[in-house]
Amino acid sequence: MSKVKYYYDSETLAYRKIERRKRRTFKFIGLFILAAGLFGFLTMFITSQYIESPKEKALKREMSNLQLQYQLLNKKMDQAQLVLEDVATRDNHIYRLYFEANPIPEEQRRAGFGGVNRYKNLEGFDNSKLIIESNKRIDILQKQIVVQSKSLDEIAKLASEKEQLLTAIPAIQPVKNEDLTRMASGFGYRSDPFTKARKFHHGMDFTAPRGTPVYASGDGVVVRADNQSSGYGNHIRIDHGFGYVSLYGHLYKYNVKKNQKVKRGDLIGFVGNSGRSSGPHLHYEIFKDEERINPLNFYYGNLSAEEFDELLKHASLENQSLD
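A brief structural summary. (Residues numbered from 1 in each chain as written. Predicted model: local features only at pLDDT ≥ 70, side-chain atom pairs only at ≥ 80, totals over all residues. Heavy atoms only, no water.)

## With respect to the overall build of the chain
Turning to step 1, where the next piece is worked out: Tallying secondary structure elements over the chain gives five helices and 15 strands in all.
Turning to step 2, where the next piece is worked out: Looking at the 323 residues of the chain, the share that counts as buried comes to 33%.
Turning to step 3, where the next piece is worked out: Of all intrachain contacts in the chain linking residues separated by at least 6 positions in sequence, the fraction that spans at least 24 positions is 65%.
Turning to step 4, where the next piece is worked out: Total accessible area on the chain stands at roughly 21600 Å², and carbon and sulfur atoms take up 56% of it. (Helix = DSSP H or I, 4+ residues; strand = E, 2+ residues; numbered from the N terminus. Buried < 20%, exposed > 50% of the residue type's maximum accessible area, 1.4 Å probe, protein only. Contact = heavy atoms within 4.5 Å. Areas by Shrake-Rupley, 256 points an atom, 1.4 Å probe, with all protein chains shown as cover.)

This is the structure we're talking about:
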C-alpha cells in the first residue's frame, strides 16, 4: 500500500492530503523516457565515433592486411615486368636478329585495353583506385606474356628450321681429299673433252680411281638413282629440302635407292666412268630452286682454310672438263 503524504495548509492551520494528478505523472514519465533516450543516443554516437567495436577492429585489420597484400603484389609485378622487359630485349636484339625475324614493335608489346571500361564493377569502394590499378597491371602483364610466348614459339620454330637447314645444306666435299687424284674442273666455262668447244660446265669434276666412295653432302631423300638422264650415266639426286638438290654423276654403282633417307656423310655410291665421261671421275652439281649454282660456295663442312684455297685455285682454272 502506497504511503499517503500530507502538507500543512497555513491558511486553515491544518494538514491536508496531497492529491497526485495523473497528467503531471505522465509528464514526468515522458520527460524521463526522453532524457534516457537522448542520453542513450549520445552514448551510442560517441561510442561509434571514438570507440571501435570488435567487429570494426577485425574489419580494419583485414583492410590493412589487404592493402599490404596489394602493395606486395605491385612489387612482385614490378619484378615480373623487369624480367619480361629483359626477355623482350634479348628476344628482339638477339634471338629474332639471329634468325632473321622482324623485331616486335614496342607499341605492340605494351598495348593497353581501350574502349569499354573493363573495371567499372570495381569502382565506388574505399580502395577502388588501388584495386583497379593492380588489375590493369595484371591484365597488361598477361597480354605481354602472351605476346612474348607467341614470339618464343616462333623463335623455336625458326631454330628448328635453321637446324634442319644447316644439316640439309650440301656442305661437304662428296669425295675425300685423300681419295682424289686431282680436282679436274670447276664451275664455269670449260673446254668440252669431246667437241673441244668452249661451253659452260655446271658442276665440279673430282678425278678419283674407279670404286672410290662418294658421300652425301647433306641430309635429304634420294629422289633418283638411275641412268635415265642424258649424259650423267649412273647418277644419284638427293633432295635436301629448302630448294636444294645435289647431283652425283658418272657413278660405277649405287649404295642407296630411290626414296631412301640419307644423312650428311653417308656412303651413297662409288666413282665410275658411266655416261658421257672421258675418264673415272665424279661430276657434282648443286641446284637451288631448280637453278644450278656453284658447289664451291658450300664447302665449309670438311675443308680447312688451306684446303679450300687450294680447291679454289684449281676450280678457277679454265681447263678441259671430263664430261
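Now, onward.
## Notes on helix α2 (residues 54-98)
Turning to step 1, where the next piece is worked out: With 45 residues, α2 should cover 66 Å at 1.5 Å per step; its first-to-last C-alpha distance of 64 Å lies within 8% of that length.
Turning to step 2, where the next piece is worked out: The largest bend in α2 comes to about 40°, at Asp-91.
Turning to step 3, where the next piece is worked out: By the burial criterion, the buried members of α2 are Asn-74, Met-77, Gln-81, Leu-84, Val-87, Ala-88, Asp-91, Asn-92 and Arg-96. (Expected span 1.5 Å × (residues − 1). Bend = angle between axes of the 7 residues up to and from the residue.)

## Let's talk about the packing of α2 against helix α4 (residues 128-168)
Turning to step 1, where the next piece is worked out: The contact between α2 and α4 brings their axes to 10 Å, and the two run at 25°. As summarised for this structure, α2 and α4 are arranged roughly parallel, according to the angle between their axes. Relative to α4, the crossing made by α2 is left-handed.
Turning to step 2, where the next piece is worked out: Residue composition of the contact of α2 with α4, by class: 16 nonpolar, seven polar and six charged. (Axes fitted to C-alpha atoms, helices over the stretch in contact; angles between N-to-C directions. Parallel < 35°, antiparallel > 145°, perpendicular 65-115°, else oblique. Left-handed = near helix turned anticlockwise from the far one by under 90°. Nonpolar A, V, L, I, M, F, W, Y, C, P; charged D, E, K, R; others polar.)

## Considerations on the environment of His-201
Turning to step 1, where the next piece is worked out: If you trace the backbone, His-201 turns up in strand β5 (residues 198-201).
Turning to step 2, where the next piece is worked out: Among the residues examined, His-201 registers a relative accessible area of 5% and is labelled buried.
Turning to step 3, where the next piece is worked out: Residues His-201 and Glu-285 lie 84 residues apart in sequence; the distance between their C-alpha atoms is 9.8 Å.

## Here's the deal with the nonpolar core
Turning to step 1, where the next piece is worked out: Core analysis: the biggest nonpolar cluster contains 25 residues, and Phe-206, Val-214, Ile-236, Ile-238, Tyr-248, Ile-268 and Leu-282 have the highest contact counts within it.
Turning to step 2, where the next piece is worked out: Here this core takes three residues from strand β14 (residues 281-288), the largest share from any one element.
Turning to step 3, where the next piece is worked out: If sequence neighbours within four positions are ignored, Ile-238 has contacts with Ala-216, Gly-220, Val-221, Val-222, Val-223, Tyr-244, Val-245, Ser-246, Tyr-248, Val-262 and Ile-268. (Core = buried A, V, L, I, M, F, W, Y, C linked by side-chain atoms within 4.5 Å.)

## Regarding a nonpolar patch on the surface
Turning to step 1, where the next piece is worked out: Together, Phe-26, Ile-29, Phe-32 and Ile-33 line one region of the surface with nonpolar side chains, adding up to about 480 Å² of accessible area.
Turning to step 2, where the next piece is worked out: Structurally, Phe-32 is set in helix α1 (residues 22-50).
Turning to step 3, where the next piece is worked out: What makes Phe-32 exposed here is its relative accessible area of 62%. (Patch = residues over 30% accessible without salt bridge, like charges linked within 9 Å, V, L, I, M, F, W, Y side chains within 5 Å. Salt bridge = Lys/Arg side-chain N within 4 Å of Asp/Glu carboxyl O.)

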